Amino acid sequence: MGATLLSSTIAVFSIKNLLFMLFGVSAGMVAGALPGLTATMSVALIVPFTFTMDPVSGMATLGAIYCGAIFGGAFSAILVNTPGTPSSIGTTFDGYPMAQQGKGEEAIFTATFASAGGGLIGTVILIFLSVPLARVALRFGPPEYFWITIFGLTIIASLASKNMLKGLAGGAFGLLISMIGIAPIGGDVRFTMGLPAFQGGVQLISVLIGFFCIPEMLRIAGNLTAQKMQAVNVEKESGVLARSFWNVFRKPFNFIRSSIIGAFVGILPGAGGNIANLVAYNEAQRASKEPETFGTGNPQGVVATEAANNATVEGGMVPLLTLGIPGAPPAAIIYGALMLQGLRPGPELFSSSAHITYAFMVSLFVANLMMFVVGILGGRSIFKIVTMIPAKILVPSIIFLTILGSYSIRNNIMDVIVMLIGGFIGYLLKELNFHPGPIVLGLILGPIAEKGLVQGYLMGLSRPNPWTIFFTRPISIVLIVIIIFSAGWPVYREFKSRLKKGDN
Amino acid sequence: MLKKDGAYNTDLIGGAIMVLSAALFYQQIGNFTTFGLIFPRAIIIILLALGIGLLIKSKLNPYYAEIFEMEEMSKMLLIAGIGLGWVLLLKPVGFAVTSFFAVSLGIYSLEEERTKKTLLKDFIIGGCEVAFFYLIFSRLLLVPLPQGILF
């Protein structure tokens, strides 16, 4: 392995490959920053250009775009409260409050350090642990997937610990919306309200953009006075770069834990960055000595989500390269690109084309290093541009981009309508003190939870009581224990703090 | 009580919305197979229970908050109205034309001083912005944007 790794590293470090990767990282960042342009879309758009490239250059370019797009989502999440990709949902929780406090640049740099670092840790895991981890991933069946999603839903307890009923109701509301369309098992057409356009379900990204972005744009428009003509506050401070560096590395445990969570969730097919960033955020809040500061602009929240979502990119490559199972949509496109290059993902890839496989892995490492440089330079420029644009221009422009992005996902007007209606509902619910996080969480986890539950039930039909399958498998039992701890901890902490307040 | 000192009982309104949503989804349940029904039925029951929980809380320990409080409500409504019109006219009128007018009028509606000069300036900004993204998406990324009556 050592000799192959060395020769692969040399192959990656050609001027041509480095330029392709630089282009990939930059283009991916721009695409990720635009709401509605997903990582999947950006990787898919570049695939035709890689046909004529040699396999190492082609795969390195695609990997770089994927990394850049996942990272790029942080820019819009921090500056305009709109996750550019679903992997950046958690970044809005603390990134946007930081921007509102005039610390937008610090938030962007913190995200850059965390994303690049998370990606590097993910790549190390991919290179050295991919084969044993793939074996672990294979042991996860439908019951385990069901419990994983329930574990994801326990994040509601952290997000809405001050208003648990509303948080839970929001989560259930999101789960119900996720069921619109064709059932994952059984094929029933459900809850379309008589509209044929809903048969394909509601587009997650459209609802996501609507719930996070439209309420914020309406709020800015409604509070636009002569004194507040900028949408993003700017606080002139020196040493932002050093402070951002320390945000990540002062508490290395949060950063490393989040990266490992990201890499592991990425390995599980179907999970990916959408879940990883929220799980990492939840764990960061749970482990923190100041959990109440999360959601108010705590940089550790940005570190957790960004380290995790970039580590999922490399995590997702584990089942793809070792088993031939693409765990996420962009990985599926990379699977196709590998096939077009004459490579067959799976165990034989490491023997028949080890040189290219390891070169691809090393290229992800290099892409993350590039992302750091481009992120620092590009992040500063994007921050300056956004802060220079007056809010009166920024608000209609952002709405324009949300409409353009929602439409471009499936070329469907209905997605735009859903986005806008979602935005109005999100605005109303926000005014009524419903946090948008649990609703979106329900929306993301709904299909995975339902599939796990129904498939698990089908598996259990051979038993006298089919439901026992969810409580008797070893990994399920471990997950149930973690869920009880994860859901109970914020409630216990809130109860304890209320008791303390009562004493005082 | 729905309103107290200008603040609204958000638990009451939120609870009512959740109960109504559960009822709406329940009413939509048709001849689903067992596999298509297990999960939604459970979630509808949970949502209904949580909605009722919120309604009970609104009586026992209500949370009051001022809602829709803004410095310039008219500007917010204008932007919301423009957004709605934009989306509804996107297909019949076309993406480029609708977006040009919507972005320009959106900027104009947020101006401190609305004069002919600012209107002209806003139309130039809107035109440049829409043209830039229209060309990228329709020509470079080949996204088939709605054509409408013009282009």
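Residues numbered from 1 in each chain as written. Chains lettered and ligands numbered in written order. Predicted model: local features only at pLDDT ≥ 70, side-chain atom pairs only at ≥ 80, totals over all residues. Heavy atoms only, no water.

Under the annotation held in an unreviewed UniProt entry, chain B carries the name Dolichyl-phosphate-mannose-protein mannosyltransferase and is attributed to Halanaerobium congolense.

The name that an unreviewed UniProt entry assigns to chain A is Tricarboxylic transport membrane protein, with the source organism given as Halanaerobium congolense.

Caption draft 1: Layout of the overall build of chain B. Summing up its helical and strand segments, chain B has five helices and three strands in all. Written out in order from the N terminus, the α and β elements of chain B read β-β-α-α-β-α-α-α. Here chain B has a C-alpha radius of gyration of 23 Å; the compact-globule value for 151 residues is 15 Å, and the former is much larger. Overall, chain B is about 55 × 50 × 20 Å in size when its C-alpha atoms are taken along their principal axes. The buried share among the 151 residues of chain B stands at 42%. Of the contacts made within chain B by residues no fewer than 6 positions apart, 64% connect residues no fewer than 24 positions apart. If you sum the accessible surface of chain B, you get close to 8300 Å²; carbon and sulfur atoms cover 69% of it. Each charge class in chain B can be summarised by its mean position, and for the 12 positive and 11 negative side chains these summaries are 10 Å apart. (Helix = DSSP H or I, 4+ residues; strand = E, 2+ residues; numbered from the N terminus. Rg over C-alpha atoms; globule rule 2.2 N^0.38 Å. Buried < 20%, exposed > 50% of the residue type's maximum accessible area, 1.4 Å probe, protein only. Contact = heavy atoms within 4.5 Å. Areas by Shrake-Rupley, 256 points an atom, 1.4 Å probe, with all protein chains shown as cover. Lys, Arg positive; Asp, Glu negative; His and termini not counted. Charge placed at Lys NZ, Arg CZ, Asp CG, Glu CD.)

Caption draft 2: Inspection of the UniProt feature "domain: DUF1468" (unreviewed entry) in chain B at higher detail. The residues that UniProt annotates with the feature "domain: DUF1468" (unreviewed entry) are residues 13–146 of chain B. Structurally, residues 13–146 of chain B comprises 77% helix and 1% strand, and the distance from its first C-alpha atom to its last is 38 Å. (UniProt positions renumbered as here; feature names shortened; annotations may be inferred.)

Caption draft 3: Quick peek at the UniProt feature "transmembrane region" (unreviewed entry) in chain B. Those residues carrying the UniProt feature "transmembrane region" (unreviewed entry) are residues 12–29, 35–56, 77–103 and 123–142 of chain B in this numbering. Its end C-alpha atoms 26 Å apart, residues 12–29 of chain B is made of 89% helix and 0% strand.

Caption draft 4: The arrangement of the interface of chain B and chain A in detail. Listed by partner, the interface residues are 65 residues for chain B and 67 residues for chain A. Carbon and sulfur atoms make up 80% of the surface buried where chain B meets chain A, a total of about 5900 Å² over both sides. Counting every contact that joins chain B to chain A gives two salt bridges. Put simply, Glu111(B) and Lys392(A) hold a salt bridge, and the shortest N to O gap is 2.9 Å. (Buried area = accessible area lost by both parts, 1.4 Å probe. Salt bridge = Lys/Arg side-chain N within 4 Å of Asp/Glu carboxyl O.)

Caption draft 5: Examining the environment of Gly102(A) more closely. Its location among the elements puts Gly102(A) in the loop between α5 (89–100) and α6 (104–138). Exposure remark for Gly102(A): the relative accessible area of 7% places this residue in the buried category.

Caption draft 6: Representation of the pattern of salt bridges. Taken as a whole and assessed by the stated rule, the structure comprises 14 salt bridges over all chains. Residue Arg286(A) is joined to Glu283(A) by a salt bridge in which the shortest nitrogen-to-oxygen separation is 2.3 Å. In this pair, Arg286(A) and Glu283(A) both sit in helix α13 (residues 273–287), three residues apart, roughly one turn of the helix. By the burial criterion, Arg286(A) is buried, and Glu283(A) matches it. Ionic contacts of the salt-bridge type, sharing partners, join the residues Lys166(A), Asp11(B) and Lys57(B) into one network.

Caption draft 7: Region of interest: a nonpolar patch on the surface. All names here are of chain A. Residues Val124, Phe128, Leu129, Phe365 and Leu369 make up a contiguous nonpolar surface patch of about 430 Å² in total accessible area. When residues of the nonpolar patch are traced back to their parent elements, those giving at least two are α6 and α17 (354–388). Tracing the sequence through the fold places Val124 in helix α6. Residue classification places Val124 among the partly exposed positions, given a relative accessible area of 40%. (Patch = residues over 30% accessible without salt bridge, like charges linked within 9 Å, V, L, I, M, F, W, Y side chains within 5 Å.)

Caption draft 8: Structural context of the sheet that holds strand β2 (residues 7–9) of chain B. All names here are of chain B. What the three strands build is an open sheet, ordered β1-β2-β3; its pairing is antiparallel. The sheet is open, and its two edges are formed by β1 (3–4) and β3 (64–65), each paired on a single side. The pairing of β2 with β3 spans two bridges and is classified as antiparallel. Looking across to β3, one finds that Asn9 is bridged to Tyr64. (Pairing = 2+ DSSP bridges.)

Caption draft 9: View of the domain arrangement of chain B. Parsing chain B into structural domains produces domain 1 (1–67) and domain 2 (68–151). Taking the mean C-alpha position of each, domain 1 of chain B and domain 2 of chain B sit 36 Å from one another. (Domains from an automatic or database assignment.)

Caption draft 10: Seen up close, the nonpolar core. Counting residues in each nonpolar core, the largest one holds 200 residues, and the members touching the most others are Tyr66(A), Met317(A), Leu321(A), Ile334(A) and Ile403(A). Residue assignment places this core across two domains, with domain 1 (1–67) and domain 2 (68–151) of chain B each supplying three or more. Once residues lying within four places of it in the same chain are set aside, the contact partners of Ile334(A) are Val43(A), Met59(A), Leu62(A), Tyr66(A), Met317(A), Leu320(A) and Phe360(A). (Core = buried A, V, L, I, M, F, W, Y, C linked by side-chain atoms within 4.5 Å.)

Caption draft 11: The arrangement of the packing of aromatic side chains in detail. Residue and element names in this part refer to chain A. Per the stated rule, a full pass over the model turns up 26 aromatic pairs over all chains. Ring plane angle 75° and centroid distance 5.7 Å describe the contact between Tyr281 and Phe294, whose orientation is recorded as edge-to-face. In this pair, Tyr281 is assigned in helix α13 and Phe294 in the loop between α13 and α14 (299–323), connecting sequence segments 13 residues apart. Each residue in the set Phe113, Phe245, Trp246, Phe249, Phe255 and Phe372 is aromatic and connected to the rest through ring pairs, giving one cluster. (Phe/Tyr/Trp six-rings, centres within 6.5 Å; stacked < 30°, edge-to-face > 60°.)

Caption draft 12: Region of interest: the environment of Val418(A). Residue and element names in this part refer to chain A. Relative to the helices and strands, Val418 resides in helix α19 (residues 413–431). Since its relative accessible area comes to 12%, Val418 is described here as buried. Residues Val418 and Ser206 lie 212 residues apart in sequence; the distance between their C-alpha atoms is 6.7 Å. In this view, Val418 contacts Phe198, Val202 and Val207; residues no more than four positions away in its chain are not counted.

Caption draft 13: Molecular detail of the side chain of Gln285(A). Residues and elements named next belong to chain A. Relative to the helices and strands, Gln285 is located in helix α13. Overall, the relative accessible area of 6% leaves Gln285 in the buried class. With sequence-adjacent residues up to four places away left out, Gln285 is seen in contact with Ser158, Pro291, Phe294 and Arg493.

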